[in-house]
Amino acid sequence: MTASGAPRPAFAPWDRRELPGLFGVVESARRVGNYKWIEMRLFEALGGWVATVPELDVKFVLGRQCYHHAWHAELWNKRLPELREMNTERLTEPPNEEMVKFVDAVRDPEAPELTIEKLVGVYRVLIPRKVAAYTFHMNATSRITDAPTIRSLGFILQDEMEDWREGEMLLQSLIQTPEEVERASRRQQALEDLIRSAGGITGPGTLGNPEGQADEAAEGVSVG
Amino acid sequence: MARVQVTPETFTLVDYDAGAIAGLTEELAAKTGFPDDVDITVEIDEELPLPLTGATADVVDGRAALWFSGANFEDGRYRTHFDEPVARTELAIGLLRAADRLGPGFADAPVDEQLSDAHRHAWEVWAEGRVARLGEHTRRVRRLYHFRLYNGFTDVADAAFERLWSADALAWSDIEAICAECAASDPRPALKKKGSIRRETLKAASG
Amino acid sequence: MKKILPVEELARDSRFVRARIEDAISDPRQAKVSERNTGSARLEPARPAAADRARQLMHGIFVGEIQALEGAGRTTFDFDDDEIPFQLKLDMARQCWDESRHCEISVKLSEHMGSEIGEFTEATFLYEAACAPDALLRLTGVNRALEGLAIDVFNTMKEFGDVSGDPVLAACEDWMLADEVTHVKMGSDWLRRLTENDPERRERALEFQRTVDKLFSLGGFRGETDENPIQLARKFREMAGFSTEEIDDLSEVATEAQEEARAAADALHGVASGD
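Quick notes on the rules
Residues numbered from 1 in each chain as written. Chains lettered and ligands numbered in written order. Predicted model: local features only at pLDDT ≥ 70, side-chain atom pairs only at ≥ 80, totals over all residues. Heavy atoms only, no water. Helix = DSSP H or I, 4+ residues; strand = E, 2+ residues; numbered from the N terminus. Expected span 1.5 Å × (residues − 1). Buried < 20%, exposed > 50% of the residue type's maximum accessible area, 1.4 Å probe, protein only. pLDDT = per-residue confidence, 0-100. Contact = heavy atoms within 4.5 Å. Pairing = 2+ DSSP bridges. Axes fitted to C-alpha atoms, helices over the stretch in contact; angles between N-to-C directions. Salt bridge = Lys/Arg side-chain N within 4 Å of Asp/Glu carboxyl O. Right-handed = clockwise from strand over helix to strand, strands pointing away. Buried area = accessible area lost by both parts, 1.4 Å probe. Nonpolar A, V, L, I, M, F, W, Y, C, P; charged D, E, K, R; others polar.

## So, helix α4 (residues 86-112) of chain C
At step 1: Taking 1.5 Å per residue, 27 residues should reach 39 Å; α4 of chain C reaches 39 Å between its end C-alpha atoms and fits that length.
At step 2: When you tally the buried positions in α4 of chain C, you get 19 out of 27 residues, the bulk of the element.

## Topic: the confidence of the model for chain A
At step 1: The predicted model of chain A has a mean per-residue pLDDT of 90, with 92% of residues at 70 or higher.
At step 2: Predicted confidence for residues 213-224 of chain A stays below pLDDT 50, and this span has 19 contacts to residues more than four positions away or in other chains.

## What to know about the sheet that holds strand β4 (residues 63-69) of chain B
Residue and element names in this part refer to chain B.
At step 1: What the four strands build is an open sheet, ordered β1-β2-β4-β3; its pairing is mixed. The outermost strands of the open sheet, each flanked by one partner alone, are β1 (4-7) and β3 (55-60). Across the sheet, the mean angle from the axis of one strand to that of its neighbour is 15°, orientation sign disregarded.
At step 2: Sheet topology places β3 next to β4; six bridges connect them, and they run antiparallel. Note on β4: the bridge partner recorded for D58 is A65.
At step 3: Sitting on the sheet, helix α2 (residues 84-102) touches β2 (40-45), β3 and β4, and the angle it makes with β3 is about 35°.

## Quick notes on the environment of P6 of chain C
At step 1: Along the chain, P6 of chain C falls in the segment before β1 (18-19).
At step 2: Residues P6 of chain C and M186 of chain C lie 180 residues apart in sequence; the distance between their C-alpha atoms is 25 Å.

## Some words on unusual backbone geometry
At step 1: The omega torsion across T7 of chain B and P8 of chain B is 0°, close enough to zero to call that bond cis.
At step 2: You can see P8 of chain B is positioned in the loop between β1 and α1 (18-32).
At step 3: Between L50 of chain B and the following residue, P51 of chain B, the backbone shows a cis peptide bond with an omega angle of 5°.
At step 4: If you check the backbone angles, I4 of chain C has positive phi at about 60° while not being a glycine.
At step 5: You can see I4 of chain C is positioned in the segment before β1.
At step 6: The backbone of A49 of chain C sits at a positive phi, close to 55°, despite the residue not being glycine.
At step 7: For A49 of chain C, the position within the fold is in the loop between α2 (28-35) and α3 (50-78).

## Quick look at the pattern of salt bridges
At step 1: For the structure on display, the rule yields 67 salt bridges over all chains.
At step 2: In this structure, the salt-bridge partner of D162 of chain C is K158 of chain C, at a minimum N-O distance of 2.8 Å. You can see D162 of chain C and its partner K158 of chain C sitting in helix α6 (residues 135-163), four residues apart, about one turn around the helix.
At step 3: Judged by its relative accessible area of 44%, D162 of chain C is partly exposed.
At step 4: Owing to a relative accessible area of 19%, K158 of chain C belongs among the buried residues under this scheme.
At step 5: Notably, a salt bridge pairs R192 of chain C with D189 of chain C, separated by 2.7 Å at the nearest N-O pair. Taken together, the positions of R192 of chain C and D189 of chain C, both in helix α7 (residues 167-194) and three residues apart, correspond to about one turn of that helix.
At step 6: Linked by salt bridges that have partners in common, E90, R139 and R142 of chain B together with D52, R55 and E119 of chain C make up one network.

## Some details on the pairing of β1 of chain B
All names here are of chain B.
At step 1: Of the two faces of β1, only one is covered, namely that formed by V4 and V6; the face formed by Q5 and T7 stays uncovered.
At step 2: Pairing of β1 with β2 involves four bridges; the strand directions are parallel. Of the residues in β2, the one forming a bridge with V6 is V42.
At step 3: On the question of chirality, the crossover connecting β1 to the parallel β2 by way of α1 is left-handed.

## Some thoughts on the interface of chain C and chain A
At step 1: On the chain A side, the residues contacting the 32 residues of chain C number 30 residues.
At step 2: A combined buried area of about 2,500 Å² lies between chain C and chain A, and 67% of that area is made up of carbon and sulfur atoms.
At step 3: The tally of links between chain C and chain A comes to five salt bridges.
At step 4: A salt bridge links E70 of chain C to K59 of chain A, with the shortest nitrogen-to-oxygen separation between them at 2.6 Å.
At step 5: Of all the secondary structure elements, the ones that give two or more residues to the side of chain C that touches chain A are α3 and α4 of chain C.
At step 6: Take the side of chain C that touches chain A: its biggest share by element is 12 residues, from α4 of chain C.
At step 7: Residues of the side of chain C that touches chain A, tallied by class, amount to 17 nonpolar, four polar and 11 charged.

Okay, structure coming up:
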């Protein structure tokens, strides 16, 4: 038994969390606002598409995943007021106009024969970008100061990975001919170009900027 | 007189053809081994739509008397349209059951209107199993659901279904024994009455 | 993708065949059947053709769930951020997931009962009531009327599962029933919140609900007598936030719908028979 009153270190030997992270409050809030915006646009699209896809299995998956992304938006909506900025609407925005163009393009397909185009936009372009952005945030921010964001990121990333896998499997089962391979590739290329222009889910620097890391870290110390 | 008679001769409420049904009956009679020297009447109540299905197969004055609700031949997707694969199954089941009644093994079986739902559905399982082995279209899981509804949602009933479906030869006493076995393991209270949709029965019930 | 998807554009695979409710009403066999004394219309094993009735109803539930899924999904998309509250969108997304599960459950239950997808026709009046251009009308049309109907249907099917000793059916319907009570409650809460300061708008929405409720009573399909296959589930409706007065009103609406359908059938029969 531990002797009563015996001092123990504040951090266990295996706890390697460090201060500071790359982000300060402002940067973390900006990114979280972008996350909420993209999650909203995604769950709306999935919900809207349910009625436009004839494939029953796809219909049911979209219905299920619609809520996953709505829940992510809700988590970010709850996190935003905790990040100093109480006006969540002000921060719920895309990083730039290019991102709006990208999202409009992702949500554009409507006709029932365009299921491949719909799914490629979500599962081969948008969700991989979200996984990347969330993973970067989780790795870059301080696991001590920004722990609430990290906790949400953990839940959300688990969803994203599972949804990504499920969507990719649907796509692989739908893409059966060389023409469909071509369709999927063309669609992915067009959307990749748009999101490249946007710079990623949170704009340029979504996955960090090797030259700017020192500055961001400094901001983290001063602001956070 | 033709060996197979279909009533009505002309359908006015549904898109069925009495001649075509008579032809199917002839074909299936040959396929099921129905005795050549026994006349067959097929009466169809065209007033009954899906899902009001029902069928009886009796032997009256030495002929096979098959009665069907019009719903038994109706395409569920196209109202009033004839569904040939389903109709073939239904006719074949009726013919096999009427043929059973012609043999000594079913001499003691009550007429269909007096059969309990449990007995009728058990007998129909056996008939549909034989239809399946003739290579005709059948609906095994639907039949299982019907059987369970009247003989219990139990492992005993499911095992009984398998025996009935795959049996080659049975007598009325076998059907009775199987249903009794199912009833003994069925936790439900016994059904108060049996379901029937024959016009005559309904009229009687209303009086 | 455009806002407000018309019912004609609902996407289906080749197994589905769409039916029109008018086709059923104008089928001369309906009048003939209504002349017969078929006893209680309640769904129970002793009822004639109970198994196929239950199978067809289950298929109807399945396609109804698809349309409920589509209706909830469209509500997440059809309205911009400044048109409906964020939290309402989240609730609709949650409903989407629930309806998606209900679709999956209904497919499994249909298989359990020996039915195939598309074995029966699909009537799309549920979605038609679910795609109103006003979000408030969707709340009344979908969450209170459509989901209310779902409560009645699921309770009827659950009771059928109980009385027929079918543990799979009874358990699954009970789970779905729990979700639907939540959806109706959600609709009732939002209706109250969104019309807190606008009683006229609230009354318009409730009037729309009455219209939809009448449509969903399907000429006697739902009600509180032995003639109605689907029984009003008073207890569960109360749990979902309907007042006794509202349920009484609905019962009256159902009776009206039944009488109107009977009159229409009589008129049709009279024409057909030259009376």
